[in-house]
Amino acid sequence: FKFPFHFDDGHAIVENPAIYYQVPEGLWDYSHLRFLPFLSFAVNYRIGGLDTLGYHLVNVGIHMANGLLVCWLALLLLSSSLVSSGKPGKWGEWLALGAGLLFVSHPVQTQAVTYIVQRLTSMAAMFYLLSVCLYIKGRYIHTSAKGRKYFWYYAGSALSGIAAMLSKEISFTLPLMLLMTEFFFIRKDNKINAKLIAIGLAAVALAVAIGLVFKLAPTRETEDISRWQYLITQFRVVATYIRLMLVPVNQNLDYDFALSQSLWELPTLLSGLLLSVI
């Protein structure tokens, strides 16, 4: 809890005047699609200045909430009428608990929790998971025809999705993830629901529109690294994280990946094929 600021913590928090003086206008100008985490940094600063204890407490709290959401998500998926009678059963409850415990204790999570500025990722994951959970819960209530209570779950899912998109750009996959959840876990037949497709496409269009408004573009690390070069290097990075999820050994504070120069380099090509197959 006393671990100091490192790397991007410097310019994002310690040297960021928007955190100190210009809440919330300056924060919005500085952060845009990462507004909510930076707002939370500003609240941390108002309460405890640059004492890292408060920042770490919030990060750990978010991580604990994510563990509970993973557990809830597993319960909801195991309650699907496609895999059970509508209730997860005792084995399902233990399996969901195991999923949550594995999530919170897995060593690959260390950086996202201990590295303070990576609250962006943890907070985006929190709202992302909450959005998926609320959507599934709403769909179950909707299909069981129990009044109109499902509307509030759908509204909560939409608001959580927007909050996720205001935490980090990784959340823009959410509309597609909701569609996949619908098709693989919720539908009871093979018929395509035209209304559902229309809503899903509208959600995708909204995400794209938000991205265009904020001039969302493929990520780059610095001006010296092209977006394409950064993208193909990420193939190897993501493949490494998948390996770390299965075999969490040889972790490193700073992996210092050499940049991929071409898509046809063997490690880059194989990593890209692995992601495509998944």
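Note that the coordinates shown come from a computational prediction; the quantities given were computed from them, not determined experimentally.

Rules used in this analysis
Residues numbered from 1 in each chain as written. Predicted model: local features only at pLDDT ≥ 70, side-chain atom pairs only at ≥ 80, totals over all residues. Heavy atoms only, no water. Helix = DSSP H or I, 4+ residues; strand = E, 2+ residues; numbered from the N terminus. Buried < 20%, exposed > 50% of the residue type's maximum accessible area, 1.4 Å probe, protein only. Areas by Shrake-Rupley, 256 points an atom, 1.4 Å probe, with all protein chains shown as cover. Core = buried A, V, L, I, M, F, W, Y, C linked by side-chain atoms within 4.5 Å. Contact = heavy atoms within 4.5 Å. Disulfide = S-S within 2.5 Å. Phe/Tyr/Trp six-rings, centres within 6.5 Å; stacked < 30°, edge-to-face > 60°. Salt bridge = Lys/Arg side-chain N within 4 Å of Asp/Glu carboxyl O. Patch = residues over 30% accessible without salt bridge, like charges linked within 9 Å, V, L, I, M, F, W, Y side chains within 5 Å. Expected span 1.5 Å × (residues − 1). Polar contact = N/O pair within 3.5 Å; in protein donor to acceptor, adjacent residues only side chain to side chain. Axes fitted to C-alpha atoms, helices over the stretch in contact; angles between N-to-C directions. Parallel < 35°, antiparallel > 145°, perpendicular 65-115°, else oblique. Left-handed = near helix turned anticlockwise from the far one by under 90°. Nonpolar A, V, L, I, M, F, W, Y, C, P; charged D, E, K, R; others polar.

The next point concerns the overall build of the protein chain. Along the backbone of the protein chain there are 13 helices and zero strands. Starting at the N terminus and ending at the C terminus, the protein chain contains elements arranged as α-α-α-α-α-α-α-α-α-α-α-α-α. Split into buried and exposed, the 278 residues of the protein chain put 39% on the buried side. Accessible area for the protein chain stands at about 16300 Å²; split by element, carbon and sulfur atoms hold 69% of it.

Right, let's get into the nonpolar core. Counting residues in hydrophobic clusters, the biggest one holds 21 residues, and the most contacted among them are Leu-73, Met-126, Phe-127, Val-132 and Ile-136. Elements that contribute at least two residues to this core include exactly α5 (52–78), α8 (119–143), α9 (150–165) and α10 (174–186). With ten residues, the single largest contributor to this core is α8. Residues within four places of Val-132 in sequence aside, it is in contact with Leu-73, Leu-174, Leu-178 and Thr-181. Among the nonpolar cores identified, the runner-up in size contains 15 residues, and Ile-13, Tyr-20, Phe-38 and Leu-120 belong to it.

As a further point, take the state of the cysteines. The tally for this structure, following the rule as stated, stands at zero disulfides. You can see Cys-133 has no disulfide; the closest cysteine sulfur is in Cys-71, sitting 9.7 Å from it. Judged by its relative accessible area of 0%, Cys-133 falls in the buried class.

With that settled, consider the packing of aromatic side chains. For the coordinates displayed, the defined rule picks out nine aromatic pairs. Taking 6.2 Å as the distance between ring centres and 45 degrees as the angle between the ring planes, the aromatic pair formed by Tyr-255 and Phe-257 counts as tilted. By relative accessible area, Tyr-255 is classed as partly exposed at 26%. By relative accessible area, Phe-257 is classed as partly exposed at 29%.

The full count for this structure, using the stated rule, is three salt bridges. Residues Arg-139 and Glu-182 are paired through a salt bridge, measuring 2.7 Å at the closest nitrogen-oxygen approach. Linking Arg-139 in helix α8 with Glu-182 in helix α10, this pair joins segments that are 43 residues apart in sequence. Just as Arg-139 is buried, Glu-182 falls in that class too.

Moving on, we come to a nonpolar patch on the surface. Among the surface-exposed residues, Trp-94, Leu-97, Leu-101 and Val-104 lie close enough to one another that they form a single nonpolar patch of about 390 Å² accessible area. Inspection of the secondary structure puts Leu-101 in helix α6 (residues 89–105).

Time to look at unusual backbone geometry. Unlike most non-glycine residues, Phe-7 shows phi in positive territory, near 50 degrees. The residue Phe-7 is located in the segment before α1 (9–14) in this model. Overall, the relative accessible area of 48% leaves Phe-7 in the partly exposed class. Although it is not a glycine, Asp-256 sits at a positive phi angle of roughly 55 degrees. Turning to its location among the elements, Asp-256 is positioned in the loop between α12 (227–246) and α13 (266–277). Overall, Asp-256 belongs to the exposed group, its relative accessible area being 66%.

Compared with the 28 Å implied by 1.5 Å per residue over 20 residues, the 29 Å span of α12 between its first and last C-alpha is a close match. Where α12 is concerned, the buried positions are Gln-229, Tyr-230, Ile-232, Thr-233, Phe-235, Arg-236, Val-237, Ala-239, Thr-240 and Leu-244. Buried residues along α12 sit against α13.

Right, let's get into the side chain of Gln-229. Following the sequence through the fold, Gln-229 ends up in helix α12. A distance of 3.1 Å separates a polar atom in the side chain of Gln-229 from a polar atom in the side chain of Gln-261. Contact partners of Gln-229, with chain neighbours within four places excluded, come to Leu-259, Ser-260 and Gln-261.

Attention now goes to the packing of α8 against α10. Where α8 meets α10, the closest approach of the two axes is 11 Å, and the angle between their N-to-C directions is 40 degrees. In this view, α8 runs oblique relative to α10, as classed from their interaxial angle. The two elements α8 and α10 cross, and the hand of that crossing is right-handed. Where α8 abuts α10, its residues Tyr-128, Ser-131, Val-132, Tyr-135, Ile-136, Arg-139 and Tyr-140 lie against Leu-174, Met-177, Leu-178, Thr-181, Glu-182 and Ile-186. Residues of the contact of α8 with α10, tallied by class, amount to nine nonpolar, two polar and two charged.

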